[in-house]
Amino acid sequence: MAKKDIKWGELGFGYVKTDYRFVSKFKDGKWDDGVITEDSEIVLNECACVFQYAQTCFEGLKAYETEDGHIVCFRPDLNAERMAETARRLRMPVFPEEKFIEAVEKVVSANADFVPPYGSGATLYLRPFMFGSDSIIGVKPANEYEFRIFGTPVGPYFKGGVKPLTVRISDLDRAAPRGTGNIKAGLNYAMSLYNIVDAHECGFDENVYLDPGTRTKIEETGGANIIFITKDGKLVTPKSDSILPSITRRSLMVVAEKYLGMEVEQREVYLDEIADFAECGLCGTAAVISPVGKINDHGKEICFPSGMSDMGPVTKKLYDTLTGIQMGRLEAPEGWIHVIK
Ligand code: PLP
Ligand code: COI
């Protein structure tokens, strides 16, 4: 089928309604088979658990057109696994991991003409999500749920594409110690909305959250993990129980070590050491790798030597290698690329 008439190169990170989505319902203790539907609307009772107690979670992954014309997804098994972890923590029924992957395949195949052409700079972002759908007024989990996946073609997450970002150290915390920071619950994003609007109003692209226990260590941003490059070319990334285990970051750690021969360290990263790093980047499905040029710590500017005009040289190598794997230009490690068409 012919691709949709969309100006792929001009897409930002927004919702564009595609033709088909997947819906499966959980009732009486089991999931139904699920269907592909054209209906993008959801009608729920006013007392549905998702509205009252925010019992909702989601995932994010992308479908890519490769250099040789296939349509592929990147490590969807890890999204399925993370959503299962999230569901368990929120007392939601797990959507079976193999059915998650089948649903991804169905949504992507049905919307193949929305998968942006190779080289356009855009991708088809997939949003699996799940919520408690029956009426609950006492504080407890729902009995009924919906699992859905829709797709939307997207361009860069941050305005300005790959231009280095300016981020600030946040005064508010993202996650409590022993809280829900390590799962992809909607509530983690609800609490970040005040702060992201404030950051934008103050001229910053994102908030960098510190560890909530001591506020001395770097955790992550509202929508991406953080990587640093040392002056001698090592990749350093924060270790913490309250950050989301980013699939992009875990993949980059392998890319750095196995493809680029770099040393990789996952450890506690203190706020007072970040001025010593040579490069910094935000990584995630939406963010890919977005370089950070400057971190503002309450008026004190930490400017990375990589500057404000281009990605640092090591970040660029990581970016080129990761996207090369995703777009089929480079051979992928076993199991990373899930061919759909
Ligand atoms: N951290 C947060 C808070 C996120 O929302 C995301 C996005 O999914 C990430 C990190 C990056 O994770 P991934 O690379 O799995 O997309
Ligand atoms: C993703 O990268 O998939 C996310 O869910 C991040 C979100 C801020 C868009």
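Residues numbered from 1 in each chain as written. Chains lettered and ligands numbered in written order. Predicted model: local features only at pLDDT ≥ 70, side-chain atom pairs only at ≥ 80, totals over all residues. Heavy atoms only, no water.

Asks: Please give an account of the overall build of the chain that cites residues and values.
Replies: Helix and strand content of the chain: 7 helices and 18 strands. For 341 residues, the compact-globule estimate of 2.2 N^0.38 gives 20 Å, and the chain sits close to it at 20 Å. Structurally, the chain occupies a C-alpha span of about 55 × 50 × 35 Å along its principal axes. Scored against the burial criterion, the 341 residues of the chain give a buried share of 54%. Restricting to contacts in the chain with at least 6 residues of sequence separation, those with at least 24 account for 71%. Averaging the coordinates of the 40 positive side-chain charges in the chain and doing the same for the 50 negative ones gives two points 1 Å apart. (Helix = DSSP H or I, 4+ residues; strand = E, 2+ residues; numbered from the N terminus. Rg over C-alpha atoms; globule rule 2.2 N^0.38 Å. Buried < 20%, exposed > 50% of the residue type's maximum accessible area, 1.4 Å probe, protein only. Contact = heavy atoms within 4.5 Å. Lys, Arg positive; Asp, Glu negative; His and termini not counted. Charge placed at Lys NZ, Arg CZ, Asp CG, Glu CD.)

Asks: I'd like a description of the packing of helix α2 (residues 76-89) against helix α3 (residues 97-110), backed by residues and values.
Replies: Where α2 meets α3, the closest approach of the two axes is 9 Å, and the angle between their N-to-C directions is 130°. Relative to α3, the element α2 lies oblique. Where α2 crosses over α3, the handedness of that crossing is right-handed. For the pair α2 and α3, contact is made by P76, D77, N79, A80, E81, M83 and A84 and by E97, F100 and I101, respectively. (Axes fitted to C-alpha atoms, helices over the stretch in contact; angles between N-to-C directions. Parallel < 35°, antiparallel > 145°, perpendicular 65-115°, else oblique. Left-handed = near helix turned anticlockwise from the far one by under 90°.)

Asks: I'd like to hear about the side chain of N296, residue by residue, with values.
Replies: Structurally, N296 is set in strand β16 (residues 288-297). Looking at N296, the relative accessible area reads 12%, which means it is buried. For N296, the contacting residues outside a window of four places in its chain are V167, R168, I169, F204 and E301.

Asks: Describe in detail a nonpolar patch on the surface, supporting the description with residues and values.
Replies: On the surface, Y53, I137 and V139 cluster together into a nonpolar patch covering about 340 Å² of accessible area. Mapped onto the fold, Y53 is located in helix α1 (residues 49-53). (Patch = residues over 30% accessible without salt bridge, like charges linked within 9 Å, V, L, I, M, F, W, Y side chains within 5 Å. Areas by Shrake-Rupley, 256 points an atom, 1.4 Å probe, with all protein chains shown as cover. Salt bridge = Lys/Arg side-chain N within 4 Å of Asp/Glu carboxyl O.)

Asks: Describe the site of ligand 2, naming the residues involved and giving the relevant values.
Replies: Around ligand 2, the surrounding shell consists of F13, F58, G60, Y125, R127, Y157, K184, G223, T285 and A286. Within the side chain of K184, a nitrogen or oxygen atom sits 2.8 Å from an oxygen atom of ligand 2. Taking T285, its main chain carries an N or O atom lying 3.5 Å from an oxygen atom of ligand 2. Look at ligand 2: alone it shows 280 Å² of surface, and the protein chains cover 90% of it. Spatially, ligand 2 is embedded in the largest pocket. Residues of the shell around ligand 2, tallied by class, amount to 5 nonpolar, 3 polar and 2 charged. (Near = heavy atom within 4 Å. Polar contact = N/O pair within 3.5 Å; in protein donor to acceptor, adjacent residues only side chain to side chain. 1 Å grid on protein atoms, 1.4 Å probe; cavity = no way out; pocket = protein on both sides within 12 Å on 5 of 7 lines; lining within 4 Å. Sits in = over half its atoms within 2 Å of the grid points. Nonpolar A, V, L, I, M, F, W, Y, C, P; charged D, E, K, R; others polar.)

Asks: Tell me about the packing of aromatic side chains, residues and numbers included.
Replies: Scanning the entire structure with this criterion turns up 17 aromatic pairs. When the ring of F26 is compared with that of W31, the centres are 5.2 Å apart and the planes differ by 65°; the resulting orientation is edge-to-face. Taking the relative accessible area as the measure of exposure, W31 reaches 15% and is therefore buried. Between W31 and F147, the ring centres sit 6.5 Å apart and the planes meet at 80°, which makes this aromatic pair edge-to-face. Residue W31 is found in strand β2 (residues 30-31), and its partner F147 is found in strand β8 (residues 145-154); the two are separated by 116 residues along the sequence. Taken together, the ring pairs connect F22, F26, W31, F95, F100, Y145 and F147 into an aromatic cluster. (Phe/Tyr/Trp six-rings, centres within 6.5 Å; stacked < 30°, edge-to-face > 60°.)

Asks: Please give an account of the site of ligand 1 that cites residues and values.
Replies: Surveying the vicinity of ligand 1 reveals 17 residues, the closest of which are Y189, E220, S246, T248 and T285. Side-chain polar atom of K184 to an oxygen atom of ligand 1: 2.8 Å apart, as the coordinates give it. One of the side-chain N or O atoms of S246 is found 2.6 Å from an oxygen atom in ligand 1. Notes on ligand 1: free accessible area 380 Å², of which the protein chains cover 96%. Among the residues forming the shell around ligand 1, the class breakdown is 5 nonpolar, 8 polar and 4 charged.

Asks: I'd like a description of α2, backed by residues and values.
Replies: Taking 1.5 Å per residue, 14 residues should reach 20 Å; α2 reaches 20 Å between its end C-alpha atoms and fits that length. For α2, the complete set of buried residues consists of P76, L78, N79, A80, R82, M83, A84, T86 and A87. (Expected span 1.5 Å × (residues − 1).)

Asks: Residues and numbers for the pairing of strand β6 (residues 71-74), please.
Replies: With burial as the criterion, each face of β6 is covered, one bearing I71 and C73 and the other bearing V72 and F74. Strand direction decides the pairing type here: strand β5 (residues 61-65) and β6, joined by 3 bridges, are antiparallel. Considered in β6, the bridge of Y64 is made with V72. Linking two consecutive strands that pair antiparallel, namely β5 and β6, is a turn of 5 residues; a positive phi of about 85° is found at G69 within it. As defined by bridge partners, β6 adjoins strand β18 (residues 337-339) across 3 bridges and the pair is classed as antiparallel. Across the sheet, V72 pairs through a bridge with V339, a residue of β18. (Pairing = 2+ DSSP bridges.)

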